[in-house]
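Examination of the molecular architecture
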Amino acid sequence: MAGDLVLDPVTFEVLKNSFITSVDQMGEQVLRTCYSFVIYNHDFSSALHDAKGECAAQGNQDIAVHVGTLHFTCKDVIRYFDGDIHEGDVFAINDPYAGGTHFSDVRLIRPIFADGKIIAFSQSNGHWSDVGGSVPGSFDVAAREMFREGLRITPVRLFDKGRFCRDVAHLIASNTRDPASIIGDIQSQAQATQVCEREMLRLVNKYGRDTVETGLAAVQDYVERSARQRIAALPDGEWETVDFIDRDPAGGEGMIPIRIKMTIKGDRAIYDFTGSHPTIGSIYNSAFGATFSAVAAGMKTFFPDLPLNSGFYRCFEIIAPEGSIIDAKWPIAVTGFLMPFEKIMNSIYEMWSKLMPERALACAFNLEYLLTGGLDARSSDKPIFMFYDWLPGGWGGRNGKDGSNVTTACFGTGLMSQPVEGQERANPILTTTCEILKDSPGPGKWRGGAGLVKTSRMLEAEKTVISYICDRERAVVWGIEGGLPSMPHGLTLTRAGADAEERLGSIFSDVPIGEGDVFSRPTAGGGGFGDPLLREANLVIEDIKDDYISIERAAKDYGVVVRTIDAELSEYEVDKAATEVLRAKIRAERIANVRLDPEIVAQHYRSGAIDVLDVIRQHAVILDWGTGALLPESMRQFREVFERRSVAMWADG
């Protein structure tokens, strides 16, 4: 029997890598046959499961957000169709309340039979750019319940013993704004699961069914054993932190806390979310599966060499208060789960940075989604178009190294930056600017990575609306160990013929736009690591040469006075005497500046005496960035964590 087998080391290693390769080949199949531009840019993941639905392997390029959810949806299919699963079947599910992420992530699952017995399941998950709902792209930030978010697919059979269930597939596709692409993606994902099936049967033919089944269990045991050994080598203890969602659009002013206490006890980690805010009146809630995935992805960052499977998930426990923002139940809206997801990941980075300081890193920028949809008037038949865009940004500074520049979000490591040429071909939108954003990196001894800014103009289109799904306009990307924050997110819109731009902020849906309208949004840099006054002056000079920071902010944030010799040749030098004086002045005044009366700060901002980076980095104040009005509760919350992460770490603190 398989349970009695013990694999020799060589066979184990071959099977372990073969399982991962079979999943990678699924990804290659999807990449080459998908219809959706979004999926083509790597918003997909795949997995191989054992006969119980436990994850045995994921691929090398699977995006972080899906890593801890695929086994949940596989188990839900097994539970739903128990006793009625046959060779050639393929099932679909996108249910976030059954352990998925959001309705856009649609999973296709195929049982793999050998000798008439189920030995495994293969799963292909792709983000469909639209699954219906009240707005193009299916992200309606005003939705309080799922009924405005799109189609909820509980387990359903799409292939019945190899026969394509055309009626079911077309029922699903017809509830979206791009049915032709959906049918194509269904076929692509189904074929991907078959690629994995073929590879597994090849292994069965070579090694025997019992050996392959033993291998599926052994790889999970190996990861569990390895992770537990590493956790056990760490000191027992408790670590706590809090991060925030910017706001509840249906509530009052004030940021929404997500609190986490991590306990290391023996060979196990426990994450307790007690004290986190109840669900809010928006899509920015997370069902348990997505929260589980955030914990898994955040913790896995500190175990980069281990394969990822369910063995890793056995090493931690989650305590999630029911009805909280991190354990939303049906029918609470959850499509924007990525906002709490990234707060959880960055909080775990912060806590594990205390345990493993050699791998420490500050907060990364927040993923943002821009969704614009309407009728493409460039064609006489005016087809529906769906412009679904995301941008890279900066990751946090690290212990001994600057943060990564213009990198995909921690939420979706594995995603690609979408090529504007492809976007312009498919949509009536012209990109006029896409460049690294100067002064976006959070200052630190080791600065955060740089973000960017992208500006686009609407071309010939009709009945077009725009939605923006983002965060950290108020809970600004933070630094650690004395590092400083980055900058707020938020989109601005300039109407055709208008002189002034309008700030729409970081969260809105269904705003009408027309031909000639221009919209622009930045992505933040990463938070700084360590006191910026300790950064070597020559590194500041290099950042000026690279256009990562300006001469003005070099003085304000780093206390480095720079003289320009020849800007055309990027020749600069440090005024050492002036730098010494300025750094001493900043050290003497910065704590008082952080604690300055926020109303005075707001007045100075509105008068133009200081800018948004001064407000955030020097005074730790949060304003309505459009009007300049003080947001007192958000400011209080921001200052509280700024004091802990930054001020408390300064030598003069």
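Everything below is about the structure shown above.
Calculation rules
Residue indices begin from 1 for each chain and proceed along its sequence in written order. Only residues with pLDDT of at least 70 get local features here, since the model is predicted, and only at 80 or more are side-chain atom pairs given and counted; chain-wide, interface and lining totals rely on the full set of residues. Calculated side-chain values reflect all of the structure's heavy atoms, with hydrogen atoms and water omitted. Cavities and pockets were defined on a 1 Å grid built from protein atoms only: a cavity is a group of points that admits a 1.4 Å probe but offers it no way out, a pocket is an open group of points flanked by protein on both sides within 12 Å along at least five of seven lines, and a lining residue is one with an atom within 4 Å of any such point. Grid points are joined across faces, edges and corners, and a volume is the space filled by probe spheres set on the points. A helix here means a DSSP run of H or I that spans at least four residues, while a strand means a run of E at least two residues long, and both kinds are numbered starting from the N terminus. Side-chain classes follow a simple rule in which Ala, Val, Leu, Ile, Met, Phe, Trp, Tyr, Cys and Pro form the nonpolar group, Asp, Glu, Lys and Arg form the charged group, and the remainder, Gly included, forms the polar group. DSSP-based pairing: two strands are paired if at least 2 bridges between them are found. Residues count as neighbours in contact if any of their non-hydrogen atoms are within 4.5 Å of one another. Angles here are taken between N-to-C directions and fall from 0 to 180 degrees, while the axes themselves are lines fitted to C-alpha atoms, restricted in helices to the stretch in contact. Classification of residues uses two cut-offs on accessible area relative to the type maximum, computed with a 1.4 Å probe and protein chains only: under 20% is buried, over 50% is exposed, and between them is partly exposed. Definition of a polar contact: a pair of N or O atoms within 3.5 Å, with one able to donate and the other able to accept a hydrogen when the atoms are protein atoms, and with sequence-neighbouring residues admitted only if both atoms are side-chain atoms. Working rule for angles: under 35 degrees goes down as roughly parallel, over 145 as roughly antiparallel, 65 to 115 as roughly perpendicular, anything else as oblique. Crossing handedness follows the turn of the near helix against the far one: under a right angle anticlockwise gives a left-handed crossing, and clockwise gives a right-handed one. Should a side-chain nitrogen of Lys or Arg be within 4 Å of a carboxyl oxygen of Asp or Glu, the pair is scored as a salt bridge. Side-chain atoms within 4.5 Å are what join buried Ala, Val, Leu, Ile, Met, Phe, Trp, Tyr and Cys residues into a set we call a nonpolar core. As used throughout, the charge tally considers Lys and Arg to be positive and Asp and Glu to be negative, leaving His and the chain termini uncounted. Here a Phe, Tyr or Trp ring, Trp counted by its six-membered ring, pairs with any other such ring whose centre lies within 6.5 Å, and the pair is stacked when the planes are under 30 degrees apart, edge-to-face when over 60, and tilted otherwise. Note on criteria: charge over ring means Lys NZ or Arg CZ within 6 Å of the ring centre, with the direction from the centre no more than 35 degrees off the ring normal.

1. What about the layout of surface pockets?
Reported here for the largest pocket is a volume of approximately 580 Å³. Lining of the largest pocket is provided by 23 residues; of these, Asn60, Asp62, Lys300, Pro304 and Leu308 occupy positions nearest its centre. Elements supplying a minimum of two residues to the lining of the largest pocket: helix H7 (288-300) and helix H9 (338-355). When the residues that make up the lining of the largest pocket are grouped by side-chain class, the tally is 12 nonpolar, seven polar and four charged. Its volume calculated, the second largest pocket comes out at about 410 Å³.

2. Describing the sheet that holds strand E5 (residues 117-127)
Sheet strands line up and pair through hydrogen bonds in the backbone, either parallel or antiparallel. On the basis of which strands lie adjacent, the open sheet formed by seven strands has the order E2-E1-E5-E4-E3-E6-E7 and antiparallel pairing. The sheet terminates laterally at strand E2 (55-58) and strand E7 (163-164), the two strands that pair on one side only. The pairing of strand E1 (residues 44-50) with E2 spans three bridges and is classified as antiparallel. Paired with Ala47 across the two strands is Gln58, which belongs to E2. Along the sheet face, helix H5 (residues 179-207) touches E1, strand E4 (105-114), E5, strand E6 (156-160) and E7 and points at about 30° away from the line of E4.

3. What to know about the side chain of Thr241
Mapped onto the secondary structure, Thr241 falls in strand E8 (residues 237-245). Given a relative accessible area of 6%, Thr241 falls into the buried group. Of the polar contacts made by the side chain of Thr241, one reaches the side chain of Arg645; its length is 3.3 Å. Here Thr241 is in contact with Ile258, Arg259, Ile260, Ser347, Glu350, Met351, Arg644 and Arg645, once residues within four sequence places are set aside.

4. Examining the packing of helix H4 (residues 166-173) against H5
Between H4 and H5, the least distance of the axes is 9 Å, while the angle of their chain directions is 135°. Judged by the inter-axis angle, H4 sits oblique to H5. The handedness of the crossing between H4 and H5 comes out as right-handed. Every residue of H5 that contacts H4 at Ala169, His170 and Ala173 is listed here: Pro179, Ile182, Ile183 and Ile186. Here the contact of H4 with H5 is built from residues that sort into six nonpolar, one polar and no charged.

5. Description of the sheet that holds strand E18 (residues 502-505)
Spatially, E14-E15-E20-E17-E18 is the arrangement adopted by the five strands of the open sheet, whose pairing is antiparallel. What marks the edges here is a single partner per strand, and that holds for strand E14 (429-436) and E18. Strand-to-strand, the axes of this sheet are offset by a mean angle of 20°, without reference to chain direction. Relative to strand E20 (residues 518-522), strand E17 (residues 491-494) is paired through three bridges, and the arrangement is antiparallel. The residue bridging Leu493 from the neighbouring strand is Phe519, located in E20.

6. Examining the pattern of salt bridges
For side chains bearing opposite charge, pairing can occur when the charged atoms are close. This structure, assessed with the given rule, holds 54 salt bridges. The shortest N-O distance in the salt bridge between Glu462 and Lys382 comes to 2.6 Å. In this pair, Glu462 sits in strand E16 (residues 461-469) while Lys382 sits in the loop between strand E12 (369-376) and strand E13 (384-390), placing the two residues 80 residues apart along the sequence. What makes Lys382 partly exposed here is its relative accessible area of 34%. For the salt bridge of Arg503 with Glu473, the shortest nitrogen-to-oxygen distance reads 3.1 Å. Of this pair, Arg503 sits in strand E18 while Glu473 is found in the loop between E16 and E17, placing the two residues 30 residues apart along the sequence. In this structure Glu473 comes out as buried when scored by relative accessible area, which is 6%. Through salt bridges that share partners, Glu552, Arg553, Lys556, Asp557, Asp611, Asp614 and Arg617 make up one connected network.

7. Description of the nonpolar core
Counting residues in hydrophobic clusters, the biggest one holds 86 residues, and the most contacted among them are Tyr271, Phe316, Trp352 and Tyr369. If we skip the residues at most four places from it in the chain, Tyr369 touches Asp43, Phe139, Leu338, Tyr388, Asp389, Trp390, Phe411, Ser467, Tyr468 and Ile469. By size, the runner-up hydrophobic cluster in this structure holds 49 residues, among which are Phe12, Ile153, Leu158 and Ile182.

8. What to know about the pairing of strand E15 (residues 452-458)
Walk down a regular strand and you will see the side chains alternate between the two sheet faces. The buried count for E15 comes to six of seven residues, which makes it a mostly enclosed element. Sheet topology note: the E14/E15 ladder contains seven bridges and is antiparallel. When the sheet's bridge partners are listed, Thr433 is paired in E15 with Thr455. Taken together, the five bridges between E15 and E20 define a ladder with antiparallel strand orientation. Its bridge partner being in E20, Val453 is matched across the sheet by Pro522.

9. Let's talk about the side chain of Arg583
Locating Arg583 in the fold gives a position in helix H13 (residues 576-594). Asp531 provides the closest opposite charge to the buried, unpaired Arg583, separated from it by 7.8 Å. Looking at Arg583, its side chain comes within polar contact range of the main-chain oxygen of Arg535, at 2.8 Å. Discounting chain neighbours no more than four positions away, the residues touching Arg583 are Pro532, Leu533, Arg535, Tyr558, Gly559 and Val560.

10. Thoughts on unusual backbone geometry
Across the junction of Trp330 and Pro331, the peptide omega takes the value 5°, indicating a cis bond. Mapped onto the secondary structure, Pro331 falls in the loop between strand E11 (316-319) and H9. For Asp547, which is not glycine, the phi dihedral falls at a positive 70°. Its place among the elements puts Asp547 in the loop between helix H11 (537-545) and helix H12 (551-558).

11. A short note on the packing of aromatic side chains
Aromatic ring pairs are described here by two measures, namely the spacing of the ring centres and the angle between the planes. According to the stated counting rule, one finds 29 aromatic pairs in the structure shown. With a centroid separation of 5.1 Å and an interplanar angle of 40°, the aromatic rings of Phe159 and Phe164 are classed as tilted. Judged by its relative accessible area of 21%, Phe164 is partly exposed. Between the aromatic rings of Phe303 and Phe312, the centroid separation amounts to 5.8 Å while the plane-to-plane angle is 70°, which identifies the pairing as edge-to-face. When sorted by exposure, Phe303 lands in the same class as Phe312, which is buried. Between the NZ or CZ atom of Arg590 and the centre of the ring of Trp650, over which it lies, the distance is 4.1 Å. Seen from the ring of Trp478, Arg645 lies directly overhead, with NZ or CZ sitting 3.7 Å from the centre.

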